[in-house]
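Given next are the chains, with one letter for each unit.
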Amino acid sequence: LRLRKHLLSPERSNSILTLTRTTEHKFILFMSDVRNTLKKKERLSSGIGLSRLFADGKYGNAGVIRYCYRTGNGLSFNRIVVSVPKKYFRRAVKRNLLKRRIREAYRLNKSLLHVLPDGGIDIIFIYTSREVMDSAAISTDICAALATVNNRCAARAAKAAQEEPAEDDGNE
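Residues numbered from 1 in each chain as written. Predicted model: local features only at pLDDT ≥ 70, side-chain atom pairs only at ≥ 80, totals over all residues. Heavy atoms only, no water.

### Considering helix α3 (residues 92-109)
Alright, step 1. Its 18 residues place the ends of α3 26 Å apart at the C-alpha level, agreeing with the 26 Å of an ideal helix rising 1.5 Å per residue.
Alright, step 2. Turning to α3, its buried residues number three or more, namely R95, L98, I102, A105, Y106 and N109. For α3, the angular spread of the buried residues around the axis is 100°, confining them to a single face. (Helix = DSSP H or I, 4+ residues; strand = E, 2+ residues; numbered from the N terminus. Expected span 1.5 Å × (residues − 1). Buried < 20%, exposed > 50% of the residue type's maximum accessible area, 1.4 Å probe, protein only. Arc of directions from axis to C-beta.)

### Examining the pairing of strand β6 (residues 121-127)
Alright, step 1. Summarising burial for β6: 7 of the 7 residues are buried, a large majority.
Alright, step 2. Taking every second residue as pointing to the same face, both faces of β6 are buried, with I121, I123, F125 and Y127 on one and D122, I124 and I126 on the other.
Alright, step 3. Where strand β4 (residues 65-71) and β6 come together, 7 bridges link them in antiparallel fashion. By the bridge assignment for β6, Y69 is matched with I123.
Alright, step 4. Direction of pairing for strand β5 (residues 79-83) relative to β6: parallel, over a ladder of 5 bridges. The partner of V81 across the bridge, within β6, is I124.
Alright, step 5. As for the winding sense of the linkage, the β-α-β connection from β5 through α3 to β6 is left-handed. (Pairing = 2+ DSSP bridges. Right-handed = clockwise from strand over helix to strand, strands pointing away.)

### Some points on the sheet that holds β6
Alright, step 1. In spatial order, the strands read β3-β4-β6-β5; together these 4 strands make up an open sheet with mixed pairing. Where the open sheet ends on each side, the last strands, each with one partner, are β3 (58-62) and β5. Taking the axes of each pair of neighbouring strands and ignoring which way they run, one obtains an average angle of 20° across the sheet.
Alright, step 2. Each of β3, β4, β5 and β6 is contacted by helix α2 (residues 47-56), which is oriented at about 105° to β4, the strand it contacts most.
Alright, step 3. Each of β4, β5 and β6 is contacted by α3, which is oriented at about 155° to β5, the strand it contacts most. (Axes fitted to C-alpha atoms, helices over the stretch in contact; angles between N-to-C directions. Contact = heavy atoms within 4.5 Å.)

Structure follows, in structure tokens:
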């Protein structure tokens, strides 16, 4: 009973707790602060941010998902926007279903996309198929998009790191 009260205390509300049984029939409590959440601040909603994303962003496709990303948002986290065109799905129920599936796929796989030293990455995911895909297919496409964006950003950062020392050597 004490353990239950301790686990449900407000101080532990942001942690994931796991009880594991040992060989001596004792329980060990493991605490992890890693949570797959999608907070309000991780959603891009400002007009200025969206304008910059569309003006300076780089585009790509991953299955039924078209994406546009822009690096260096100046924040310590990544932000996303999800769009399902009304042109393809007239009923809001289907559009909202697909948006929920895309957000959930991103939430579960956002660890594939690392935050860069110059700030996070802004991404818009646009659903391009005329058919309603299942969650597994959408999740696969989101994973592919996140991996591609992460690889491109890592390659750009590595290239910039190689050019920087070469410039310093020439100045000395």
